[in-house]
Amino acid sequence: MKGTVHSLSVKHIIVVILLWLPFAASAQTLQIDSLKANYVEGFMEFVKINKQVPPSNARIAVIQDQNLAQYLEQIVSQNTQNEFQVERITTEELSTFNCNEYDVIFVGAGQRKTWSQFFEKTENCSTLIIGEEPNFLGAGGCIEFLVIKNRIRFRVDLENLEKRNIQLSSKLLKLAIE
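Below or above, wherever it landed, is the structure these notes cover. Being a predicted model, the structure only gives us computed values, none of them experimental. (Residues numbered from 1 in each chain as written. Predicted model: local features only at pLDDT ≥ 70, side-chain atom pairs only at ≥ 80, totals over all residues. Heavy atoms only, no water.)

### Comments concerning the sheet that holds strand β3 (residues 85–89)
Definition in use: We call two strands paired when DSSP finds no fewer than two bridges between them. A run of H or I in DSSP becomes a helix once it reaches four residues, and a run of E becomes a strand once it reaches two; helices and strands are each numbered from the N terminus. Angular values range over 0 to 180 degrees, each being the angle between N-to-C directions of two axes fitted as lines to C-alpha atoms, with helices fitted over their stretch in contact.
Spatially, the six strands line up as an open sheet ordered β3-β2-β4-β5-β6-β7, and their pairing is mixed. A strand with exactly one partner marks an edge of an open sheet, and here the two such strands are β3 and β7 (151–156). The mean angle between the axes of side-by-side strands here comes to 25°, regardless of whether they run parallel or antiparallel. In the sheet, strand β4 (residues 104–107) pairs with strand β5 (residues 128–131) via four bridges, with the strands oriented parallel. Within β5, the position partnered with Ile105 by the bridge is Ile129.

See below:
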């Protein structure tokens, strides 16, 4: 009888843990999205595009990442100094997309199959392009987010930045990992 009660308790604990895991993972993902949104907004203070600081009404495009776009919109609505504009863009809209209308473009995860089309279309744009998938820099991106030991970090590609006529401050470059 004791063994039956014990095995029932263990089974209940396992069921509870299995039911809890998706919620914990979801909460962590939302926290990561919030941190990435803060980074994107913060990058604006440490970047020069065509040797000029982005305007207070800079435009930020977010491709296929609704959570990050929502967090950016919240940050922008609470910021009294800047009036950044956040625009959500779907992969279907990439065919009519004009990168020259934006100061920053964030490319969400799961878009690897559209990278060649995207980078071909944005090749001559002076736009800070940020992504979050491995090898994003190798494909042509400027900044790539990574999660290392549950911390958001980022890499930069100086060559891609230079091609796009973008300069990052030395303070921001010190925070980047190699």
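Don't stop here, the text continues.
### Brief notes about the pairing of β7
Our working rule: With a 1.4 Å probe rolled over the protein chains alone, any residue whose accessible area is under 20% of its type maximum counts as buried; one over 50% counts as exposed, and the rest are partly exposed.
In β7, alternate side chains face the same way, and those of Ile152, Phe154 and Val156 are buried while those of Arg151, Arg153 and Arg155 on the opposite face are not. As judged from the six bridges shared by strand β6 (residues 143–148) and β7, these two strands associate in the antiparallel manner. Across the sheet, the residue bridging to Leu146 is Arg153, located in β7. Connecting β6 to the next strand, β7, in antiparallel fashion are two residues, including Lys149 with a positive phi near 50°.

### Observations regarding the nonpolar core
To keep things clear, this is the line we draw: By convention a nonpolar core is built from buried Ala, Val, Leu, Ile, Met, Phe, Trp, Tyr and Cys residues, the set being connected through side-chain atoms within 4.5 Å.
In this structure, Phe97, Ile105, Phe118, Leu128, Ile130 and Ile143 are the most contacted members of the largest nonpolar core, which totals 46 residues. The element contributing the most residues to this core is helix α2 (residues 66–78), with five residues.

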